[in-house]
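Chains, contacts and geometry: an overview
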Amino acid sequence: MMARRLVIAGICLAVLIAAVAIVFDQLARPGATSAQAPPSSSSRPDAGAGSSGTTAPTSGSTASDAANSATGGSATEGSGSGTGGAEDNAGPSTAKPLEVLPPVTATPTGLPEPSAPAPLITGALPEPGSASGELVDGWPDGVLSLPAGTTIGSTSVSTSGDILQLTADGIIAKPRAEVLDFFRQSLVSHGFWTEEAPAADGAVAARFVRGADTVTVSVSTTGTGSSRFQLLGSLHTTAE
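Cut-offs applied
- Residues numbered from 1 in each chain as written.
- Predicted model: local features only at pLDDT ≥ 70, side-chain atom pairs only at ≥ 80, totals over all residues.
- Heavy atoms only, no water.
- Helix = DSSP H or I, 4+ residues; strand = E, 2+ residues; numbered from the N terminus.
- Buried < 20%, exposed > 50% of the residue type's maximum accessible area, 1.4 Å probe, protein only.
- Areas by Shrake-Rupley, 256 points an atom, 1.4 Å probe, with all protein chains shown as cover.
- Contact = heavy atoms within 4.5 Å.
- Phe/Tyr/Trp six-rings, centres within 6.5 Å; stacked < 30°, edge-to-face > 60°.
- Salt bridge = Lys/Arg side-chain N within 4 Å of Asp/Glu carboxyl O.
- Core = buried A, V, L, I, M, F, W, Y, C linked by side-chain atoms within 4.5 Å.
- Patch = residues over 30% accessible without salt bridge, like charges linked within 9 Å, V, L, I, M, F, W, Y side chains within 5 Å.
- Pairing = 2+ DSSP bridges.

1. Here we look at the overall build of the protein
Assigned secondary structure in the protein consists of six helices and eight strands. Going from the N terminus to the C terminus, the protein shows its helices and strands as α-α-α-α-α-β-β-β-β-α-β-β-β-β. Going through the 240 residues of the protein one by one, you find that 20% of them count as buried. By element, 59% of the accessible surface of the protein is carried by carbon and sulfur atoms, the whole surface being about 16800 Å².

Structure representation (structure tokens):
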């Protein structure tokens, strides 16, 4: 008898457990509770929109249509009118246009070139010639003199148009610097200016210039300690 009761109690307990499992299974399914309880009017998404006087956008409308509906188109119109008003209030531009200088057509002129100095030699040009141990006839001694004490080797003159060409060489018992200094002082007094000139090894040279007139003197030392000079000149003249 006791065993029968235990069997019946076990069967009842199993039925109870199965019923409880069915109830929990129904509660665990999603949407079960929401399907039974209807949504309240306060939780509807269109409730707030209805209270503000606008309607929710339909599936066929775009986000921009919804924005225009919510603002009543006033924002777009207001922004357009505001931009136009700012431009109207700004008025015409007061910036000055860039000034463009006209092209320079006239050729700029500098200082006028100095006029050529007057010729140092006037009169008829001498006949071409040369001499040994003395000054040749027609040598311009008043313009181009030789140092005192010079032993003349040779002198010559020649002409080319209105140019008198001169050559001379001689030996003098003076240092090279003193020989050059003599020619420098003599020619500078006639308006020449001086500059150094290329010279051979063991020699010194100077070039004297006056307009188109030039005189070049080179001085070297002889074996006896004297100085030997060589002169080459070109002087413009006014031939008659």
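2. With respect to the environment of Ser 234
Checked against the element boundaries, Ser 234 lands in strand 8 (residues 227-238). Linking Ser 234 and Asp 213, residues 21 residues apart in sequence, is a C-alpha distance of 5.7 Å. When sequence neighbours within four positions are dropped, the list of residues in contact with Ser 234 reads Ile 163, Leu 164, Ala 212, Asp 213 and Thr 214.

3. What about the packing of aromatic side chains?
In total, this model carries two aromatic pairs according to the counting rule given. Note on Phe 182 and Phe 183: the rings are 5.5 Å apart at their centroids and 75° apart in plane angle, and the pair reads as edge-to-face. Assessed through its relative accessible area of 1%, Phe 183 is described here as buried. Considering the side-chain rings of Phe 183 and Phe 229, the 5.5 Å spacing of their centres and the 65° angle between planes classify their relative orientation as edge-to-face. In this pair, Phe 183 sits in helix 6 (residues 176-188) while Phe 229 sits in strand 8, placing the two residues 46 residues apart along the sequence. Taken together, the ring pairs connect Phe 182, Phe 183 and Phe 229 into an aromatic cluster.

4. Things to note about the pattern of salt bridges
For the structure on display, the rule yields four salt bridges. Across the salt bridge formed by Asp 169 and Arg 228, the nearest N and O atoms sit 3.6 Å from each other. With Asp 169 in strand 4 (residues 163-172) and Arg 228 in strand 8, this pair connects stretches of sequence that are 59 residues apart. Of the residues examined, Asp 169 reaches a relative accessible area of 14% and is grouped as buried. When its relative accessible area of 33% is taken as the criterion, Arg 228 is described as partly exposed. Salt-bridge contacts for Arg 207 lead to Glu 195; the nearest nitrogen and oxygen are separated by 2.7 Å. Pair noted here: Arg 207 is in strand 6 (residues 203-210) and Glu 195 is in strand 5 (residues 193-196), with a separation of twelve residues, a long-range link.

5. Brief notes about the nonpolar core
Among the nonpolar cores identified, the biggest contains 26 residues, and Trp 139, Phe 183, Phe 208, Val 215, Val 217 and Leu 231 are the most heavily contacted of them. Of all the secondary structure elements, the ones that give two or more residues to this core are strand 3 (151-160), strand 4, helix 6, strand 6, strand 7 (213-221) and strand 8. Apart from residues lying up to four places away in sequence, Phe 208 is in contact with Leu 180, Phe 183, Arg 184, Leu 187, Phe 192, Trp 193, Thr 194, Asp 213, Thr 214, Val 215 and Val 217.

6. So, the side chain of Thr 237
For Thr 237, the position within the fold is in strand 8. Judged by relative accessible area, Thr 237 falls into the buried class, the value being 4%. Setting aside chain neighbours within four positions, we find Thr 237 in contact with Pro 119, Ile 121, Leu 125, Asp 162 and Leu 164.

7. What about a nonpolar patch on the surface?
Nonpolar side chains collect at one region of the surface, where Leu 13, Leu 16, Ile 17, Val 20, Val 23, Phe 24 and Leu 27 lie side by side and expose about 720 Å² of accessible area between them. By secondary structure assignment, the location of Leu 16 is in helix 1 (residues 2-28).

8. Quick notes on the pairing of strand 3
Relative to strand 3, strand 2 (residues 129-132) runs antiparallel, the two being bridged by four bridges. Bridging across to strand 3, Ser 132 finds its partner in Ser 154. Two strands pair when backbone bridges link them, and strand 3 and strand 4 are joined in this way by nine bridges, in the antiparallel orientation. Within strand 4, the position partnered with Thr 151 by the bridge is Ile 171.

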